[in-house]
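Okay, here's what each chain looks like letter by letter:
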Amino acid sequence: MKAKLLMLLLAALFILPVSEAAITKKRKIPRYKESACGERITTRTPIDYTNEASGKNIHGKQKTTYSVTLKQNTMLNIHIGFQKKLWYGWRRDNHRDAYYYFDASPFQYNYWLKPNAKDAPLLQQDITCPDIYFFENEGTIDYESGYIVGGSKVLTGKLYVWTDYTVETSTKRYKQVVKKYKMFPNEEMPICDKNKAYTLDFTLNYLW
């Protein structure tokens with residue numbers, strides 16, 4: 001018995017202690033950085049390497065789906081879809097209004113300008129962080145809202161989505177509003193309360 005205890009004590013002497021630095025290195029400690037909108041957002045090492053994230057909300061007979069996808073051309077595509085439940089199942093609801101805002105880093109925001117000339121291609125316009133992107137009377141939306149910058153491989157952010165059912169009935173003026181193919185300064189819009197938004201936190205990887 002004494003010999004066994006002696007062996008255990010000798011073995012313990014040769015076990016190297018784990019330093020606090022080594023323990024700290026293994027922890028997933030959140031880092032903070034300022035986004036393109038000037039807000040502080042948390043960045044984390046992604047568990048799964050993916051270039052997309054999605055969510056959905058079902059309220060009664062109304063379904064709203066939303067997703068973000070970091071594409072090969074470095075653009076961030078925002079998707080929003082609307083459906084309504086009928087007796088035979090879910091079908092697209094083509095007469096809904098969508099509002100969204102997102103905060104991302106490192107990122108350059110843009111919108112797409114539609115020229116007056118017939119059949120002319122859309123023109124990409126870089127802008128500072130808009131207050132709201134707005135799409136009226138739509139059933140589904142896919143909009144490249146900007147692109148990752150600085151050669152980064154990871155994009156972190158948060159998406160806020162509102163519908164014509166979740167915005168306030170009262171209005172206020174926003175400094176910068178994108179309405180599909182136009183950008184309007186000092187535009188009066190329904191109040192989009194972040195506390196009432198459908199939200200999606202995302203950490204996306206550029207996989208190419």
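Everything that follows concerns the structure shown earlier in this document.
Rules behind the numbers
Residues numbered from 1 in each chain as written. Predicted model: local features only at pLDDT ≥ 70, side-chain atom pairs only at ≥ 80, totals over all residues. Heavy atoms only, no water. Salt bridge = Lys/Arg side-chain N within 4 Å of Asp/Glu carboxyl O. Helix = DSSP H or I, 4+ residues; strand = E, 2+ residues; numbered from the N terminus. Buried < 20%, exposed > 50% of the residue type's maximum accessible area, 1.4 Å probe, protein only. Contact = heavy atoms within 4.5 Å. Pairing = 2+ DSSP bridges. Axes fitted to C-alpha atoms, helices over the stretch in contact; angles between N-to-C directions.

J.: Is there a simple way to explain the pattern of salt bridges in this structure?
T.: Opposite charge on two side chains allows them to pair when their charged atoms are near. All told, the structure shown has 7 salt bridges when counted by the stated rule. We note a salt bridge from E144 to K71, for which the minimum N-O separation is 2.5 Å. Of the two residues, E144 sits in strand β11 (residues 140–148) while K71 sits in the loop between β4 (62–70) and β5 (75–86), which places them 73 residues apart along the sequence. Between K196 and E168 there is a salt bridge, with the nearest N and O atoms lying 2.8 Å from each other. Of this pair, K196 sits in the loop between β14 (182–190) and β15 (198–205) while E168 sits in the loop between β12 (154–163) and β13 (171–179), and the two are 28 residues apart along the sequence. The partly exposed category is assigned to K196, whose relative accessible area is 45%.

J.: Help me understand the side chain of T69 in this model?
T.: Mapped onto the secondary structure, T69 falls in strand β4. For T69, a relative accessible area of 18% puts it in the buried group. Leave out the neighbours within four places in its chain, and T69 touches N51, E52, M75, L76, N77 and L204.

J.: Quick question: what am I supposed to make of the sheet that holds β13 here?
T.: By definition, the strands of a sheet pair up through backbone hydrogen bonds, in either a parallel or an antiparallel sense. Taken in spatial order, the 6 strands make up an open sheet running β14-β13-β10-β7-β12-β15, and their pairing is mixed. Each edge of the open sheet is held by one strand with a lone partner, namely β14 and β15. Between one strand axis and the next, the sheet turns by 35° as a mean value, whatever way the strands run. Here strand β10 (residues 132–138) pairs with β13 via 3 bridges, running parallel. Of the residues in β13, the one forming a bridge with Y133 is V178.

J.: I keep staring at the pairing of β4 and nothing clicks. Help me out?
T.: Each regular strand carries side chains that alternate between the two faces of the sheet. Within β4, 7 of the 9 residues are buried, which leaves it mostly tucked inside the rest of the structure. Direction of pairing for strand β3 (residues 52–59) relative to β4: antiparallel, over a ladder of 8 bridges. Looking at β4, one finds that I58 is bridged to K63. Both β4 and β5 contribute to a ladder of 9 bridges, which runs antiparallel. Bridging across to β5, L70 finds its partner in L76.

Coordinates in, geometry out; function isn't part of it.
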